[in-house]
Amino acid sequence: MSSEEKFDVIVVGAGLAGNTAAYLMAKAGLEVLVIERGETIGGKNVTGGRMYSHSLEKIFPDFAKEAPVERKITREKISFMTGDSATTVEYAADKLGEQGKATYSICRAHFDPWLAGKAEEAGAMYVTGIRVDEVLLRDGKVCGVIAGGEEMEADVVLLADGVNSLLAQQLGMKKELDPSLVAVGVK
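Small disclaimer: the values here were computed from a predicted structure and weren't measured.

Asks: Which parts of the structure should I look at to understand the environment of Glu 98?
Replies: In this fold, Glu 98 is placed in the loop between strand 6 (86–92) and strand 7 (103–106). According to the relative accessible area criterion, Glu 98 is partly exposed, its value standing at 35%. Sequence spacing of Glu 98 and Thr 74 is 24 residues, and the spatial spacing of their C-alpha atoms is 9.5 Å.

Asks: When you look at the sheet that holds strand 8 (residues 125–128) in this model, what are you seeing that I'm missing?
Replies: Across a sheet, strands are paired by hydrogen bonds formed along the backbone, either parallel or antiparallel in direction. Read from one edge to the other, the open sheet built from six strands follows the order 8-2-1-11-10-9, with strand pairing classed as mixed. Of all strands in the sheet, those with a lone pairing partner are strand 8 and strand 9 (132–138), marking the two edges. Averaged over all adjacent pairs, the angle separating strand axes in this sheet is 40°, with direction ignored. Pairing geometry for strand 1 (residues 7–12) and strand 2 (residues 32–36), over four bridges, is parallel. Paired with Ile 10 across the bridge in strand 2 is Leu 33.

Asks: Help me understand the packing of aromatic side chains, please; the structure alone is not making it clear to me.
Replies: Centre distance and the angle of the planes are the two values used to describe a pair of aromatic rings. Tallying each qualifying case throughout the model produces five aromatic pairs. Note on Phe 63 and Tyr 104: the rings are 5.9 Å apart at their centroids and 75° apart in plane angle, and the pair reads as edge-to-face. Linking Phe 63 in the loop between helix 2 (53–59) and strand 4 (69–73) with Tyr 104 in strand 7, this pair joins segments that are 41 residues apart in sequence. Tyr 104 gets classed as buried once you look at its relative accessible area, which sits at 8%.

Asks: Looking at this model, I keep getting lost on the pattern of salt bridges. Mind explaining?
Replies: Under the defined criterion, the tally for this structure stands at 10 salt bridges. Of the charged contacts, one joins Lys 118 and Glu 66 as a salt bridge, the two residues approaching to 2.6 Å between their closest N and O atoms. With Lys 118 in helix 3 (residues 108–122) and Glu 66 in the loop between helix 2 and strand 4, this residue pair connects regions lying 52 residues apart in the sequence. Here Glu 121 ties to Lys 118 by a salt bridge, and the two come within 4.0 Å at their closest N and O atoms. Taken together, the positions of Glu 121 and Lys 118, both in helix 3 and three residues apart, correspond to about one turn of that helix. Using a relative accessible area of 66% as the deciding quantity, one classes Glu 121 as exposed. Within this structure, Glu 66, Lys 118 and Glu 121 form a network of salt bridges that share partners.

About the criteria used
- Residues numbered from 1 in each chain as written.
- Predicted model: local features only at pLDDT ≥ 70, side-chain atom pairs only at ≥ 80, totals over all residues.
- Heavy atoms only, no water.
- Helix = DSSP H or I, 4+ residues; strand = E, 2+ residues; numbered from the N terminus.
- Buried < 20%, exposed > 50% of the residue type's maximum accessible area, 1.4 Å probe, protein only.
- Pairing = 2+ DSSP bridges.
- Axes fitted to C-alpha atoms, helices over the stretch in contact; angles between N-to-C directions.
- Phe/Tyr/Trp six-rings, centres within 6.5 Å; stacked < 30°, edge-to-face > 60°.
- Salt bridge = Lys/Arg side-chain N within 4 Å of Asp/Glu carboxyl O.

The structure is reproduced here in structure tokens:
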């Protein structure tokens, strides 16, 4: 592979973290490639439903005026349930809707492509429908990825492929999740 084919950064995963990182790095002038295993951006996400705006507001002030948010959340109800009982706590406050503190319900299948569009406008490149199978190591240093049978080189590889990252396990950065320590939430 020639030096012209080497990226500054390869981001694995086009979810909220990967898209935001790609945007910031491309805006800083880096050559960024984002690889997403889903056929579409947002097509494989597992979380969603609620967007806490405090962090994204720092990068995209007033993003909710443009982004595909569903609605602003101004009242919360949390229910605790067992097999035969339940109790619910309700909370409402003006500060739930304040700029920089607001939360929104979102559909990730719409929101993630919007965020990826911002990264593309800044210069990031996207490849979808390809799974990253392995991280390339040379002399103990990460230098790229193998995706779709092709080696792609980069100075930096950013793993944004979720909490259960098999690539991070491959590198010894995390252990396999213990099923007894994992929970599923329903919104």
